Structures are given as structure tokens and as C-alpha cells.
Amino acid sequence: MCGRTACTLVPNELSRAARYRDRTGQPHRPRWKDGDKDKYRPSYNKSPQSFSPVLLSKRHFNKDAPVDECVLAAMRWGLVPAWFRENDPSKMQYNTSNCRSESLLEKKSYKDPLLKGQRCVILADGFYEWRRTEKEKQPFFIYFPQSQGGQVPSQQNAQKTKSDQSLDQGESDQDDSDWTGWRLLTIAGLFDSWTPPCGGETLYTYTVITVDSSPNLQGIHDRMPAVLDGEDEVRRWLDFGEVKSLEAMKLLQPKSSLTFHPVSSLVNNSRNNSPECLQPVDPTVKKTVQPTASSKMMMSWLKTASPTKRKNPDEDTSVKAPEEKSAAEKQTKPAGPLQQWLLGSGSSKKPRT
């Protein structure tokens, strides 16, 4: 299963990191659906009912758009079927945050959106999974292995990326430079749109499709998200005009291309939302260890980004009294141990694959 993810990029970074290719192979940078950029909040610890970034065909919102043109949208995790008749979606009596690939055509909640072509790709830095033992549960962070050699911009380059810095001030989000940062995990999902019977705003929600775990992850859990590995798989999953549902389902296979590292039990509580959620630990000695190359690459964004470029995840922007403001400033300062970890000279330990 998949019950927790992390997605720490701000909206402009996500748009650059989610570049896709159309049917002709041409690369494109997706834009955000109107109004959705403000619904999304970066987080180190996302749980169901929160809003996550998804990539999908623009045709779902604009019937005149090409099927292979994509857009970014913020959708709530946990699918609410269009036919649900209560006025409060929280009254659903069953969990729809995950759906098994084997039963997509058996359950109406998933069969209807699948046959309508309502396929989406959930974007995340990675996901968390727990290995259960007799005494405790050990959490792991699981993600794509990251390239080495210039993938993360230096601090100097990050400071020079003016469009990134000005995005949150509303000045510009037109930077089309190549993305050289963290490779996002791309997960197959289904979405649906629901409108309260009494009237109101339409709510877009999604579910994560799961498959049997790959051999390298079976020691952690017997299920994993259906990961789409590469631009071609992403394009085929989203292009419901060219790739029909039954053909697209063939893409839902276990992937052995992921790597992982153990993390602190801090992530067990979804209210904990800090960089320490992602920090590698040695579960045998309960202390911080040097990161692998891939995990250090992901966390380096927390260090190199300029203050105007990156907001604190789920930042509270409300006005605070002076004494509250002082306390908040102390809480938002980077943790000392984390900074030491990011500046470490490397480790002899390699990521498990």
C-alpha cells in the first residue's frame, strides 16, 4: 500500500520537474490548472485527505485541448466517486486512498473513472513504507535513484534563478530552463470529480494504484505503488485517446528500479512535517548516519535554495503577535544536525536497491 508521501518542491519547481513529452516526442513544461497552484502545499509528510500535485491530460478540463497536452492540478488524496450522494465526503465508509490493480475492473468506484480515461500521475519526491516486526514498525523512504554529477544546482546557480525566486511573489513563472534537480517519483493513479448533491464547488480527488512489491521491496511490504518509469510510460498512461484502458493497465507492473533508506519514527505521526522525516538513520543504533548519494541529493534542495525561493512546507502566513512571531522564527530555522548531515563528506554505505 501507499499511505504517506513527501513532495517538497514549490509550484514553480514542480512545473519544471514534471516536464513531459507529447506523441511526437517534443518536450513540454506543464502549467498549473487555474487556481490550483494555491491549493498545493509542499510537505515532508503528506497523508490522505491532503492535496497533492498530479499530472493529467488537459482534455479533462478543456474539451478543445489536445489529449497529449498535460496540465498540473492539485487534487485531494482519497477518491470520492462522482456518484457519492452524501453532502459531506468525509462520510464515506470505506478507504479509497489506494486501489489494487487486480480489482480495478471489479469495483464501481474505480471501474467508472478507468473506463472514462480518468488516469493521472501522482508526483512525489518519494513515499514512505513501514516494515513490521514483532516489536515495532520501521519506516523507510523509497524513491528513484538519483543521477550523480551536476544534477543539483549549486548555491550560486540557485540564487541566480530569478524566476524561481519571484514565483511566490507572483512576478513570473515562465522559466523554461532544463530541470537538473531531484527526479520526481511518478505514480499511476485514477481521479474523479464530485459535486455535492446540494450544490457547491466540484472536488477533484485521486487514488493511488498499487501492485505486488518488486523483489527488492518485499522485505519491507508486500505491496507498492504502481510506478511509471520514464517519459514514455508516463505519456502512455496519460494519453487516454491513443492508449485505451485495457492496454494502459499493462503498464501497472512492479518496478525494481527504486532505492530506499530507513528513516526516523518521527514520520509515523502525520502532524510531524520537518526535514528530519527524510533523514537516513541507522535503526540498529537509533542515530543519524551519513546519507547515500541519492538521499543527499534530494535533501540538498533544503540547503541551497534561497530564502525567497522556497517556502516552509505548510507555512502559516497568518499575522502573529510579536512573541508568537519570535517563537515561529526559531522553529523555522534549519535544524543544526540536519545541516551537519547535509555538509557531510559522504558515506561508505550505498543505497539499497
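For the structure itself, consult the block above.
Residues numbered from 1 in each chain as written. Predicted model: local features only at pLDDT ≥ 70, side-chain atom pairs only at ≥ 80, totals over all residues. Heavy atoms only, no water.

Concerning the sheet that holds strand β11 (residues 137-143)
Within a sheet, each strand pairs with its neighbour through backbone hydrogen bonds, oriented either parallel or antiparallel.
Next, step 1: Pairing within the open sheet is antiparallel, and its 5 strands lie in the order β5-β1-β10-β11-β15. Whereas interior strands pair on both sides, the edge strands pair on one side only; in this sheet they are β5 (43-46) and β15 (259-262). Put simply, the sheet's adjacent strands are angled 30° from each other on average, direction ignored.
Next, step 2: Sheet analysis places strand β1 (residues 5-7) next to β5, joined by 2 bridges and oriented antiparallel. (Pairing = 2+ DSSP bridges. Helix = DSSP H or I, 4+ residues; strand = E, 2+ residues; numbered from the N terminus. Axes fitted to C-alpha atoms, helices over the stretch in contact; angles between N-to-C directions.)

Considering unusual backbone geometry
Next, step 1: If you check the backbone angles, Gln-49 has positive phi at about 85° while not being a glycine.
Next, step 2: Within the secondary structure, Gln-49 is located in the loop between β5 and β6 (51-57).

Thoughts on helix α2 (residues 108-115)
Next, step 1: Taken as a whole, α2 has its buried residues at Ser-109, Tyr-110, Pro-113 and Leu-114. Axial view of α2: buried residues confined to an arc of 115°, hence all on one face.
Next, step 2: Positioned one or two residues after α2, Gly-117 has a phi angle of 80°, which is positive. (Buried < 20%, exposed > 50% of the residue type's maximum accessible area, 1.4 Å probe, protein only. Arc of directions from axis to C-beta.)

Quick notes on the pairing of β15
Next, step 1: Here β15 shows two buried faces, one formed by Thr-259 and His-261 and the other by Phe-260 and Pro-262.
Next, step 2: Inspection of the sheet shows β11 paired to β15 by 4 bridges, in the antiparallel sense. Counted as the bridge partner of Tyr-143 is Thr-259 from β15.

Re a nonpolar patch on the surface
Next, step 1: Together, Leu-105, Leu-115 and Leu-246 make up a nonpolar patch on the protein surface, roughly 290 Å² of accessible area in all.
Next, step 2: Within the secondary structure layout, Leu-105 lies in the loop between β8 (98-100) and α2.
Next, step 3: Since its relative accessible area comes to 35%, Leu-105 is described here as partly exposed. (Patch = residues over 30% accessible without salt bridge, like charges linked within 9 Å, V, L, I, M, F, W, Y side chains within 5 Å. Areas by Shrake-Rupley, 256 points an atom, 1.4 Å probe, with all protein chains shown as cover. Salt bridge = Lys/Arg side-chain N within 4 Å of Asp/Glu carboxyl O.)

Description of the packing of aromatic side chains
Next, step 1: Under the criterion given, the structure shown has 8 aromatic pairs.
Next, step 2: Between Tyr-128 and Phe-141, the aromatic rings sit 5.1 Å apart at their centres with planes inclined by 50°, giving tilted as the arrangement. In this pair, Tyr-128 is assigned in strand β10 (residues 126-132) and Phe-141 in strand β11, connecting sequence segments 13 residues apart.
Next, step 3: Its relative accessible area of 0% is what places Tyr-128 among the buried residues. (Phe/Tyr/Trp six-rings, centres within 6.5 Å; stacked < 30°, edge-to-face > 60°.)

Examining the pattern of salt bridges
Pairs may arise between side chains of opposite charge once their charged atoms sit close together.
Next, step 1: Scanning the model with the defined rule gives 17 salt bridges in all.
Next, step 2: Note that Arg-223 is salt-bridged to Glu-102, the shortest N-O span being 2.8 Å. Of the two residues, Arg-223 sits in strand β14 (residues 223-225) while Glu-102 sits in the loop between β8 and α2, which places them 121 residues apart along the sequence.
Next, step 3: A salt bridge links Asp-239 to Arg-235, with the shortest nitrogen-to-oxygen separation between them at 3.6 Å. Across the pair, exposure class does not vary: Asp-239 and Arg-235 are buried alike.
Next, step 4: A cluster of three or more residues bridged by salt bridges with shared partners is formed by Arg-23, Asp-232, Arg-235, Arg-236, Asp-239 and Glu-242.

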